[in-house]
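# Report on the structure
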Amino acid sequence: MLEQGDKFGEWFDKVLKEAEIYDYGRYPVKGVGIWMPYGFSIRKNTLEIVRNELDSTGHEEVLFPMLIPEDLLVKEEEHIKGFRDEVYWVTHGGLEELDVKLALRPTSETSISYMESLWLNSYKQLPKKYYQIVSIFRYETKSTRPLLRLREVTTFKEAHTAHDSFEDADRQVLEAVNIYSKIFDHLGIPYLISKRPDFDKFAGALYTIAFDTIFPDGRVLQIGTVHHLGQSFSKPIDVKVMLKDESIDYVWQTSYGISDRLIASIIAVHGDERGAILPFKIAPIQVVIVPIYFNEEEKEKILSYVKSVKEQLEACGFRVKIDDREEMTPGKKFYDWEMKGVPVRAELGKRELEGNTVLLARRDLKKKTVVKFSDICTEINELGEDIDRNLKDKAWQKMNVRIRKNLKLEESAEYEKRGGVVEIPWCGRDECALKAQEKAGLKALGSPLEPPAWIKGSSCPICGRPAVTSLRLAKTY
Ligand code: P5A
Ligand code: ZN
């Protein structure tokens, strides 16, 4: 099997394919792929976590049309400038040319604002928080990659909120940052939170805060963004409400999104040379039971023991599968389930049957334990929690050693080879960030939300002014 690091792209493609997660590159349209049953199930369990976090914080799930008329999409000038080159257009209905071209939504700020202009009229309805999980289309021109850079993003979770003041939208941005942190924590995905430089903010936003993670090859992937939209959309689309003092004002908005990259990250940051390693929480199969027998007589007894273990575990609410494929060696079965990242494998043979025990092998560590059948549910429960904790700790450790703080700019080129994030003192001005990008041959991710303590007394390596914060730089996807 492949090492993850150097040939990460190959590793990733192989795991998606062999683990039957996502079929990519074979369907005759570029930049789109197919969620296969096993992958779909991973996606479904992951989205349950996403939905729980949003629902429990007052977000309401909606479903908007995929089509946006051109005159609506172009209403916000910066927005359309940012997306013009990426929009797919529907120009015909059958043989007839449409009067107004229809865009396949690249994102839904404009369509949601349009309906909000009809739905909202009073501050009493605010804050309003909507979200949807849908397909969006972007004609990406950078090279497309499975799950990482799609033209049809099939798992676009977009939230859109409306507020009665700038400050309340500011507060919402922090709430969103908090919600996303929790979602990534559930999945054990490590992240850096950075305020993007102005030249890299979302088209139409006042400012953008982004989540990035570091992939095994050292490159950085943006895994989520939160935008303060100000009144950029509410003004041209006329989303107005009456405020408490009876004056009328446009609403203040935010939007935030995550995508298929969320699921890609689970696979990338936890995997190893044998394939995926799924967190117990979201694994479609949490425990796979492999019966081990050497003759017909053993077979019957062992299979009936296997069945009772499965029933017991299912009664406790675990997702379990028996691998009773004939004509396949246990070794080959182990390989399969390791590739698919099943967190726990139970091996049941003669010894286990006679002792009324179960042998448990965890996927994340090369460790096996023997537990009593009577304790199986508590044991699996504890094991599952321990696996998730271990995956998360390891992933954070791996990321943290790849972040180098307080570096000289000249040194950062060296780090390009090793991958990861370089952090330099920064005066906070865009022009210096742009120059730093160029000098280091890296991309500016922006700065942490709070200036780090270590910048004290340092100056910006580009202009020599005192540093007010730090600038993170990295090679990105
Ligand atoms: C926020 C939600 C928006 O579109 N509108 C609604 C805002 N922001 S964004 O930064 O442009 O996208 C949100 C996140 O989606 C992921 N993403 C993609 N994932 C896979 N393939 C793509 N082509 C793609 N484009 C964006 C990123 O994680 C981004 O942060
Ligand atoms: Zn400077």
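For the structure, check the block above.
Keep in mind the model is a prediction, meaning the values are calculated, not measured.

## Concerning the pairing of strand E11 (residues 220-230)
Of all 11 residues that make up E11, 10 are buried, and the element is covered over most of its length. For strand E10 (residues 207-214) and E11, the ladder comprises eight bridges, and the chain directions are antiparallel. Looking at E11, one finds that Ala210 is bridged to Thr225. When E11 meets strand E14 (residues 252-258), the two strands line up antiparallel, connected through five bridges. Note on E14: the bridge partner recorded for Gly230 is Gln253.

## Describing the coordination of the zinc ion (ligand 2)
Summarising the metal site, the zinc ion (ligand 2) is bound by the protein donors Cys427 (SG), Cys432 (SG), Cys460 (SG) and Cys463 (SG), whose distances to it range over 2.2 to 2.3 Å. Considering all four donor atoms around the zinc ion (ligand 2), the spread of angles at the metal, 107 to 114°, places the coordination shape in the tetrahedral class. One chain supplies every donor to the zinc ion (ligand 2), and in sequence these donors are spaced C-x4-C-x27-C-x2-C. Highlighted residues: Cys432 in helix H14 (residues 430-440) and Cys460 in the loop between strand E22 (443-446) and strand E23 (469-474), separated in sequence by 28 residues. Assigned by exposure class, Cys432 and Cys460 land together as buried.

## A look at the site of ligand 1
Around ligand 1, the structure places 23 residues, and the nearest of them are Glu109, Glu140, Gln222, Thr225 and Ser259. The side chain of Arg138 places a nitrogen or oxygen atom 2.8 Å from an oxygen atom of ligand 1.

## Focus: the sheet that holds E23
The strands that make up a sheet pair up through hydrogen bonds in the backbone, lying either parallel or antiparallel. Strands sit in the order E20-E21-E23-E22 across an open sheet of four strands; the sheet is mixed. Where the open sheet ends on each side, the last strands, each with one partner, are strand E20 (403-405) and E22. Averaged over all pairs of adjacent strands, the angle between strand axes in this sheet comes to 30°, irrespective of strand direction. As defined by bridge partners, E20 adjoins strand E21 (residues 421-426) across three bridges and the pair is classed as parallel. Within E21, the residue paired with Lys405 across the bridge is Glu423.

## Section: helix H1 (residues 8-18)
Turning to H1, its buried residues are Phe8, Trp11, Phe12, Val15 and Leu16. Each buried residue of H1 lies within a common arc of 125° when the element is viewed along its axis, so the set occupies one face. In this structure, the buried residues of H1 make contact with strand E1 (22-24), helix H8 (261-270) and helix H10 (330-340). The first or second residue beyond H1 is Glu20, which carries a positive phi of 55°.

## Focus on the packing of aromatic side chains
All chains considered together, the criterion is met by 21 aromatic pairs. On the numbers, 5.7 Å between centres and 90° between planes, the contact of Phe166 with Trp252 is edge-to-face. Here Phe166, found in helix H6 (residues 166-187), pairs with Trp252, found in strand E14; they are 86 residues apart in sequence, far enough to count as distant. Taken together, the ring pairs in this structure connect Tyr180, Phe184, Tyr191, Phe211, Tyr256 and Trp396 into an aromatic cluster. A cation over an aromatic ring shows up here: Lys195 above the ring of Tyr207, its NZ or CZ 5.2 Å from the ring centre. Against the face of Tyr477 rests Arg219, its NZ or CZ located 4.3 Å from the ring centre.

## Observations regarding the sheet that holds strand E6 (residues 96-104)
Spatially, three strands are ordered E4-E6-E5 in an open sheet, and the strand pairing comes out antiparallel. The open sheet has two edge strands, strand E4 (67-69) and strand E5 (88-93), and neither has a second partner. Each strand of the sheet is rotated relative to its neighbour by a mean of 45°, with strand direction disregarded. The sheet contact formed by E4 and E6 spans three bridges and is antiparallel.

## Some words on the side chain of Glu347
As for its position among the elements, Glu347 is in strand E17 (residues 344-348). What makes Glu347 buried here is its relative accessible area of 9%. One polar contact links Glu347 to Lys368, side chain to side chain, over a distance of 3.4 Å. Excluding residues that lie within four positions of it along the chain, Glu347 makes contacts with Val290, Ile292, Phe334, Glu352, Leu359, Ala361 and Lys368.

## Examining the pairing of strand E8 (residues 152-163)
E8 sits mainly inside the fold: 11 of its 12 residues count as buried. The pairing of E8 with E14 spans seven bridges and is classified as antiparallel. By the bridge assignment, Thr161 is partnered in E14 with Thr254.

## Thoughts on the pattern of salt bridges
If you walk through the whole model with that rule in mind, you get 32 salt bridges. With a shortest N-O distance of 2.8 Å, Lys340 and Glu20 are connected by a salt bridge. With a gap of 320 residues between them, Lys340 in helix H10 and Glu20 in the loop between H1 and E1 connect regions that are remote in the sequence. In this structure Glu20 comes out as partly exposed when scored by relative accessible area, which is 40%.

Each value, and the rule that gives it
- Residues numbered from 1 in each chain as written.
- Chains lettered and ligands numbered in written order.
- Predicted model: local features only at pLDDT ≥ 70, side-chain atom pairs only at ≥ 80, totals over all residues.
- Heavy atoms only, no water.
- Buried < 20%, exposed > 50% of the residue type's maximum accessible area, 1.4 Å probe, protein only.
- Helix = DSSP H or I, 4+ residues; strand = E, 2+ residues; numbered from the N terminus.
- Pairing = 2+ DSSP bridges.
- Donors = N, O, S within 2.8 Å, 3.2 Å for Na, K, Ca; no water.
- Tetrahedral: all angles 85-135°; square planar, octahedral: opposite > 155°, others 65-115°.
- Near = heavy atom within 4 Å.
- Polar contact = N/O pair within 3.5 Å; in protein donor to acceptor, adjacent residues only side chain to side chain.
- Axes fitted to C-alpha atoms, helices over the stretch in contact; angles between N-to-C directions.
- Arc of directions from axis to C-beta.
- Contact = heavy atoms within 4.5 Å.
- Phe/Tyr/Trp six-rings, centres within 6.5 Å; stacked < 30°, edge-to-face > 60°.
- Lys NZ or Arg CZ within 6 Å of the ring centre and 35° of its normal.
- Salt bridge = Lys/Arg side-chain N within 4 Å of Asp/Glu carboxyl O.

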